[in-house]
Amino acid sequence: MRTVIITGGTDGIGKGLALHYLRQGARVIAVGSTPAKGEAFLAEAASENAAFVRADLTSVAATKDLLATIKATCASLDTLVLCAQRYRLFGSRVTTHEGFEHSFALAYLSRHILSHGLHDLMTLAPRPVIMNVGTPGVPLGRIHWDDLQLTRRYSGTRATLQSFRANDLLGIAFGELYGGAVRYVGYNPGVVSTGMPTHLPPPLRALVKATFPLLATSVAKAITPMTTLLDDPPAEAFSAYFTKRRLSLDGSAFDREQAIRLHRLTQRLTDATEPILPS
């Protein structure tokens, strides 16, 4: 039986993918931070193949605990989809109890830890694939090498965009390190009608909700090209897509030297134990 793990799997795109793979007969583990959403997901799934695991992915320690739980309960892992995100585009800087900037911790560090930490388990599956859902192909944001935690000149938008650019480099580094034993796909679904507006301030929230029916793709339509890639991943170690369009890996967004640099910095930040990339 195919095993699928989805972070952010109780809402939006993650939930859509979870329900899709349950209908296909897979075992699906949805990871989320809110028990009520987990219970609602299980009720809607109504399947003995569905499971919910609560985890605070803003925490490095909790993410590593999640790794241990997965390794203890899964003999192998076919598919890992990384969707967990909470947009903090406005307001003051928020740090986790471990001292990391919130967006950097949730949207990047957790994905780094899970990607590398689950690699060996995934090699036991016949055709393993990781999909990192973000914004590859969008030329906005950068890595703030001298201030990764954005202690100076913080803005929510700058933090969010840095986390997405970091995930582009994560995909490159993963491919360089492991050589394609597990395929890695960076994926930009475009504008999708999800619960994202609930995290916005009231005036902007109302505006975004009003425009969603005109501009946004439904979750049902958005996951179709995603499942195509997950079921038949490209041969290359790393690839990136904007919906159905494959992206070129030329340019600074996917620079190998920057990817290696960020990988090594992240190892030190998280006390990671995965192998260090070659020079």
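Residues numbered from 1 in each chain as written. Predicted model: local features only at pLDDT ≥ 70, side-chain atom pairs only at ≥ 80, totals over all residues. Heavy atoms only, no water.

## Focus: the confidence of the model for the protein
Close inspection of predicted coordinates is inappropriate for parts of the model with low pLDDT.
Next up, step 1: Taken as a whole, the protein shows an average pLDDT of 90; of its residues, 89% reach a score of 70 or greater.
Next up, step 2: Segment residues 272-279: pLDDT under 50, and 23 contacts once partners within four positions in sequence are set aside and those in other chains are kept. (pLDDT = per-residue confidence, 0-100. Contact = heavy atoms within 4.5 Å.)

## Considering the nonpolar core
For soluble globular proteins, nonpolar side chains are generally found buried alongside one another.
Next up, step 1: Counting residues in each nonpolar core, the largest one holds 44 residues, and the members touching the most others are L80, L118 and I130.
Next up, step 2: Among the elements of the structure, β2 (27-32), α3 (60-73), β4 (79-82), α4 (102-117), α5 (119-122), α6 (156-178), β7 (238-242) and α9 (256-270) are those that each provide at least two residues to this core.
Next up, step 3: If you tally residues by element for this core, the top one is α6, at 8 residues.
Next up, step 4: Other than its neighbours up to four places away in sequence, L80 contacts I5, L114, S115, L118, M122, V129, I130 and M131.
Next up, step 5: By size, the runner-up hydrophobic cluster in this structure holds 29 residues, among which are A18, A50, V129 and V133. (Core = buried A, V, L, I, M, F, W, Y, C linked by side-chain atoms within 4.5 Å. Buried < 20%, exposed > 50% of the residue type's maximum accessible area, 1.4 Å probe, protein only. Helix = DSSP H or I, 4+ residues; strand = E, 2+ residues; numbered from the N terminus.)

## Details of α9
Because each turn of an α-helix spans 3.6 residues, side chains separated by three or four positions end up pointing in the same direction.
Next up, step 1: Between its first and last C-alpha, α9 extends 21 Å over 15 residues, near the 21 Å set by a 1.5 Å rise per residue.
Next up, step 2: Within α9, the full set of buried residues consists of A259, I260, L262, H263, T266, Q267 and T270. Buried residues in α9, looked at end-on, bunch into an arc of 165 degrees, giving them a common side. Summarising the geometry of α9, the exposed residues directed more than 90 degrees from the buried face are E257 and R268. (Expected span 1.5 Å × (residues − 1). Arc of directions from axis to C-beta.)

## Thoughts on the side chain of S115
Next up, step 1: Along the chain, S115 turns up in helix α4.
Next up, step 2: Its relative accessible area of 0% is what places S115 among the buried residues.
Next up, step 3: In this structure the side chain of S115 is engaged in a polar contact, spanning 2.7 Å, whose partner is the backbone oxygen of R111.
Next up, step 4: Side-chain polar atoms of S115 contact the side chain of Y184, separated by 3.0 Å. (Polar contact = N/O pair within 3.5 Å; in protein donor to acceptor, adjacent residues only side chain to side chain.)

## A look at the pattern of salt bridges
Next up, step 1: Tallying each qualifying case throughout the model produces 8 salt bridges.
Next up, step 2: Among the salt bridges present, the one from R165 reaches D168, with a minimum N-O distance of 3.1 Å. Here R165 and its partner D168 are both found in helix α6, 3 residues apart, which amounts to about one turn of the helix. (Salt bridge = Lys/Arg side-chain N within 4 Å of Asp/Glu carboxyl O.)

## Here's the deal with the packing of helix α1 (residues 12-23) against helix α8 (residues 219-231)
Next up, step 1: Closest axis-to-axis distance for the α1/α8 pair is 10 Å, and the angle between their directions is 60 degrees. With respect to their mutual orientation, α1 and α8 come out oblique. Considering the relative orientation of α1 and α8, their crossing is right-handed. Within the contact between the two elements, α1 uses G12, I13, G16, L17, H20 and Y21 and α8 uses V219, I223, M226, T227, L230 and D231.
Next up, step 2: Residues of the contact of α1 with α8, tallied by class, amount to 7 nonpolar, 4 polar and 1 charged. (Axes fitted to C-alpha atoms, helices over the stretch in contact; angles between N-to-C directions. Parallel < 35°, antiparallel > 145°, perpendicular 65-115°, else oblique. Left-handed = near helix turned anticlockwise from the far one by under 90°. Nonpolar A, V, L, I, M, F, W, Y, C, P; charged D, E, K, R; others polar.)

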